[in-house]
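Residue strings, one per chain:
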Amino acid sequence: MAAGVCEKVCPSASIRLKENRAVFTPGNCQTCLACAHACPQKAIGLTIPEKNPQARYRNEHVSLQDIIQANHQG
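In this report, the structure presented in the accompanying data block is examined. (Residues numbered from 1 in each chain as written. Predicted model: local features only at pLDDT ≥ 70, side-chain atom pairs only at ≥ 80, totals over all residues. Heavy atoms only, no water.)

**Considerations on the pairing of strand β1 (residues 15-18)**
At step 1: As defined by bridge partners, β1 adjoins strand β2 (residues 21-24) across four bridges and the pair is classed as antiparallel. In the strand pairing of β2, Leu17 is matched with Ala22.
At step 2: Adjacent in sequence and paired antiparallel, β1 and β2 are bridged by two residues, among which Glu19 carries a positive phi angle near 55 degrees. (Pairing = 2+ DSSP bridges. Helix = DSSP H or I, 4+ residues; strand = E, 2+ residues; numbered from the N terminus.)

Here you go:
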């Protein structure tokens, strides 16, 4: 998927791209980690230790396109 997928999968609009870099805006984040798991460059991570920091998790029954479409429903 193209650049900016992290922004598109965020249900709270807490991630925005600025000069091709992900910028986090705190306040509405739901800690769903969709941005971290969907980031093709693995540029988004947690500030707490992760057991497997290279892992990316996805529900095999939900596509990234499904998430993006769900985020843009009125």
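**Remarks on the state of the cysteines**
At step 1: Across all of its chains, the model carries zero disulfides by this definition.
At step 2: A disulfide-free cysteine, Cys10 has its sulfur positioned 6.1 Å from the sulfur of Cys32, the nearest such atom.
At step 3: Free of any disulfide, Cys29 has its nearest cysteine sulfur in Cys10, 6.4 Å distant. (Disulfide = S-S within 2.5 Å.)

**Digging into unusual backbone geometry**
At step 1: Phi at Leu33 is positive, roughly 65 degrees, even though this residue is not glycine.
At step 2: By the element assignment, Leu33 lies in the loop between β2 and α2 (34-38).

Limitation: the analysis is restricted to geometry and does not speak to function.
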